[in-house]
Amino acid sequence: MKRIAAKDIAYVTVQLSLLLLYHFPIADRPFAISNMVRYITIGFALIGVIIFLLALLQLKSNLTPFPTPKVQGSLIQSGIYNYIRHPIYSGIIIFTLSYGVFSQSTWRIGVGLALWILFYFKSEYEEGLLNGRYKEYVAYREKTGRFFYYD
């Protein structure tokens, strides 16, 4: 059995902690927005969920919560991965920020931004590992966005 790297455990622990904090606002400062903005942001939140679910389904047996790729894994470059290198992170970012605005919660928006920052560093670490594992990763990285199609 392969040993899980301490850095992998740290990233997943911080991610799970932030996701837990998202649901339990500690120092929230609600704000007012129009119903039209709320409808638009709930639509974006649903798009985030769809992106997240599509990415999960496309990874199949490659799915792991840790940044280190599975030993028997393969590089997925089709479907949503043809456009975005980290669509699971993208879906979570879109959902948390959009739902934060929808629920008029500065706390949730703040946690969503913290997740975005975490995912940036987690994806940097992950991409270094993927680059070492798959020779085609450099070309794949050049043609796709990290979290969004054009980033």
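Being a predicted model, the structure only gives us computed values, none of them experimental.

**Re the nonpolar core**
Counting 28 residues, the largest nonpolar core has I80, Y81, I88, V111, L115, F119 and Y137 as the members making the most contacts within it. At the level of elements, α1 (6–22), α2 (35–59), α3 (87–102), α4 (106–133) and α5 (137–143) are the ones that each hand at least two residues to this core. Considering every element that reaches this core, the biggest residue donor is α4, with 7 residues.

**Re the packing of aromatic side chains**
Two numbers describe a pair of aromatic rings. These are the distance of the centres and the angle of the planes. Applying the stated criterion across every chain, the model contains 9 aromatic pairs. Ring geometry for F95 versus Y99: centroids 5.6 Å apart, planes at 10°, classification stacked. Placement of both F95 and Y99 in helix α3 is noted, with a separation of 4 residues, approximately one turn of the helix. Between F147 and F148, the aromatic rings sit 6.5 Å apart at their centres with planes inclined by 70°, giving edge-to-face as the arrangement. You can call F148 partly exposed: its relative accessible area is 25%. A network of ring pairs unites the aromatic residues Y89, W116, F119, F147 and F148 as a single cluster. In this arrangement the basic side chain of R38 is found over the ring face of F102, its NZ or CZ atom lying 4.2 Å from the centre.

**Some remarks on the layout of surface pockets**
In this structure, the largest pocket encloses a volume near 590 Å³. Going through the elements one at a time, α1, α2, α3, α4 and α5 are the ones with two or more residues in the lining of the largest pocket. Counting residues per element, the lining of the largest pocket draws most heavily on α3, at 4 residues. The residue inventory of the lining of the largest pocket, partitioned by class, reads 21 nonpolar, 7 polar and 4 charged.

Reading the values: rules and limits
- Residues numbered from 1 in each chain as written.
- Predicted model: local features only at pLDDT ≥ 70, side-chain atom pairs only at ≥ 80, totals over all residues.
- Heavy atoms only, no water.
- Core = buried A, V, L, I, M, F, W, Y, C linked by side-chain atoms within 4.5 Å.
- Buried < 20%, exposed > 50% of the residue type's maximum accessible area, 1.4 Å probe, protein only.
- Helix = DSSP H or I, 4+ residues; strand = E, 2+ residues; numbered from the N terminus.
- Phe/Tyr/Trp six-rings, centres within 6.5 Å; stacked < 30°, edge-to-face > 60°.
- Lys NZ or Arg CZ within 6 Å of the ring centre and 35° of its normal.
- 1 Å grid on protein atoms, 1.4 Å probe; cavity = no way out; pocket = protein on both sides within 12 Å on 5 of 7 lines; lining within 4 Å.
- Points joined across faces, edges and corners; volume = space filled by probe spheres on them.
- Nonpolar A, V, L, I, M, F, W, Y, C, P; charged D, E, K, R; others polar.

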